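Close look at the chain arrangement
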Amino acid sequence: MAFDANDLSPHEHFVVERTRLGEIADFSPLGGADGSKPGVRAGFLRRLMLGLEAEWRAPATGLRIRGARIDGALDLSDCSGETLPALTLDQCVIADVIDISHARLARLALTGCAVRRVAAGGAHIGGDLDLSGARPLGPPGKEALTVDLRGADIGGALLFSGAKLARGDSGHEALIAEGARVVGDIRFDAGFESFGALVLSGARIGGALVADGATLLNRTDDAAGAAIAAQGVSLAGAARFSRCKAEGVLNFAAAQIGACADFTGAALRNEFGAALTLAGAQALEVLLNASKISGQVNLSGARIAHGLDLRGGEIAHPLSPRAEAFGIAIDGASVRIGADARLEGANIKGETRLQHARIGGGASFGGGRFLNGGGCALSADGVELGADMTFAIVDGYAPHGQKTVIEGAASFTGAKLGGRLAWRGMELRGPSPAGDKGGLISLADAHIAGALQAHAMTTHQDARIDLRGARCEALEDDVKAGWGSETAKLELDGLHYARFGEGDAQRTRVAWLRRANARASAYETAAAAYAAAGQRADARRMLLAGRDATAARESTGLISWTLASLYGVLAGHGLSPLRMVRALVLFFALGVAGVFAMNAQGALVTPQGRACNGAVEPALYAADVATPFLDLGQQGRCGPGRTARADLPAGIAVGEDDWRVFEGVAMWRWAHALYAMLGFILSALALVTFTGAAARYARRPR
């Protein structure tokens, strides 16, 4: 039915008049004390917007109404021919739907309005779509304000500043903008609140996505509810969620963010599931400093052009209501970070996973708490860094105490560091998943381009530090305080380094290697480092200590251990011919003295029983006895016996026979035999030493 001027209410006449003049139809002075507003029919507004009555056609400034009540559904759907003028409703009450699906409008503003539903799927809006300050309608607990922008094309900004969206009784979404295109910003700031999901998946945004200080609520018992679903969103500007409060996952999987993703000071909650996911996303920078997150942060496969900042962040991923166990708190597997990863002062409960991550700068963990008792607290096997990895407090920033605490295991197996690895003031606790009661830190097969700087480490009993197969440029450590308590197990086999730091003490270093029960190769590495520094004496002592350790390790019993130890004392396990010469000289001097003593007591006699006196040369006699494979013709002339005038002890009788214990001649005969046996052994050791056979054997691969 066609409208004419007589069909219009006074309020509608007022709208026509003000619109014709290009002014706002302001009904706010006419509002009732109870909040009631003058009514305007939605059908009237439709005809006015469509220009169905020539005399009512809206001017270029569009239709602007303030403080009215819109009665009925405003249906402008499919009006896709000529672009409709701008529609601005301010502080209005719109109890029914506003439907602009597949329509073309110059601009739409519903600022400060109480609205139930806006349907704008496939709409083309030349300028801004502004719902700033909009609020839902409905009875308490059932309020609803939902917005459908699927596939919409917005030539300006999409504004929800200070608005409140609510999903109502049906569905889970408060906003659906899947596949929408927005030329400007999308703003959920200035106290914005939503109860229900904000769906932006696949949207293309030419500006920033701003939700600073917003409250986003859509948590479900199964942890699947999304506060924001922005998978695959394309964002030219930043994603800003600083001081945001969210319950439910913020899902930016595979998103492309042209600037930083800023969650500074955010409070995110989605226990037993992901609280924030940027898996496979791209961003210039990710800021999570000072955030408080209950749930997982997923960065797996993300590409971050600059840095990752988690300083002072608190992240926990409990697996049960009582938090008896924790899951993966930060999943950064295969993440790519162009600059630094900063986790100083972070408090992480659960696993921080950086396996096979690629970080162009350094990684800093100083002053942080990484807690996952019984599991892996830091898991970074195969990580690659372009600079340093540090566990030291910087500039006193330690919000959770003056130590870097690792509870559980920290695994950097196969890591590659472009700079140094340093810890100072680090505490290692257990248990580890491998059963180490005091915790575990593994750097097995790690490659460190700079120095390994170990200082001030505290460990609980039965901790383990695994450096097997690791390589570093230098060891610049505090040997006494940098490797935990004496009860902590060190595994150093295959550890390679080129030099020590200044002031390294060889004796202390030997004690460090002995504590690790290290193999000979570990001593040889240390000896090479001393030799490269010109400390030849320290290098030789280190090699000798290594041979002692090898002898103790490879001995199969008391006899073999005794012989190996004796060889170490006499010849340095074949590495010290000079020591062998000294031992031979001393041994032969002892033999010569024995010859003189025997002869003086009358216990060295010729075969005829006379005193030997000058029948033999004492030095040659001692050499003849000690070298049974050489016959110097001395032993045939004299031997142990008793002359008629010998003054030797008679010994102690044994029974009624002629046997006596400690009888003088018998003692010299035993001494003669023992000297011969020791001489044989010493001669054999000398042969092995002087030919170099022992040194070649010691260098064989083990």
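Attention here is on the structure that accompanies the text.

Quick notes on the rules
Residues numbered from 1 in each chain as written. Predicted model: local features only at pLDDT ≥ 70, side-chain atom pairs only at ≥ 80, totals over all residues. Heavy atoms only, no water. Salt bridge = Lys/Arg side-chain N within 4 Å of Asp/Glu carboxyl O. Helix = DSSP H or I, 4+ residues; strand = E, 2+ residues; numbered from the N terminus. Buried < 20%, exposed > 50% of the residue type's maximum accessible area, 1.4 Å probe, protein only. Disulfide = S-S within 2.5 Å. 1 Å grid on protein atoms, 1.4 Å probe; cavity = no way out; pocket = protein on both sides within 12 Å on 5 of 7 lines; lining within 4 Å. Points joined across faces, edges and corners; volume = space filled by probe spheres on them. Pairing = 2+ DSSP bridges. Contact = heavy atoms within 4.5 Å.

Going through the model one piece at a time under the given rule, you end up with 34 salt bridges. Of the charged contacts in the structure, one is a salt bridge between arginine 66 and aspartate 26, with a shortest N-O distance of 3.2 Å. You can see arginine 66 sitting in strand 3 (residues 63-66) and its partner aspartate 26 sitting in strand 1 (residues 25-26), a full 40 residues away along the chain. A relative accessible area of 26% means that aspartate 26 is categorised as partly exposed. The salt bridge involving glutamate 491 is made with arginine 468; its shortest N-O contact spans 3.3 Å. You can see glutamate 491 sitting in strand 57 (residues 489-491) and its partner arginine 468 sitting in the loop between strand 55 (464-466) and strand 56 (471-475), a full 23 residues away along the chain.

Turning our eyes to something else, we now look at the state of the cysteines. Using the criterion set out here, one finds one disulfide in the structure. Not engaged in a disulfide, the cysteine cysteine 92 finds its nearest cysteine sulfur in cysteine 113; these two sulfurs lie 4.7 Å apart. Judged by relative accessible area, which is 0%, cysteine 92 ranks as buried.

A few words on empty space enclosed by the protein. Counted according to the given criterion, the structure contains one cavity of 30 Å³ or more. Roughly 30 Å³ of volume is contained in the largest cavity. Along its surface, the largest cavity is lined by Leu278, Ala281, Gln282, Ala283, Val286, Ala302, Arg303 and Ile304. When contributions to the lining of the largest cavity are tallied by element, the ones reaching two or more residues are strand 34 (282-283) and strand 37 (303-304).

Let us now look at the pairing of strand 17 (residues 164-167). Pairing between strand 14 (residues 144-148) and strand 17: two bridges, direction antiparallel. Bridge pairing links alanine 144 to arginine 167 in strand 17. As paired strands, strand 17 and strand 21 (residues 193-195) are joined by three bridges and run parallel to one another. Within strand 21, the residue paired with lysine 164 across the bridge is glutamate 193.

What follows is about the environment of leucine 310. The topology assignment puts leucine 310 in the loop between strand 38 (308-309) and strand 39 (314-316). Along the sequence, leucine 310 and glycine 345 sit 35 residues apart, while their C-alpha atoms lie 8.3 Å from each other. Contacts of leucine 310, omitting those with residues within four sequence positions, involve Leu288, Asn289, Ile315, Ile330, Arg342, Leu343, Glu344 and Ala346.

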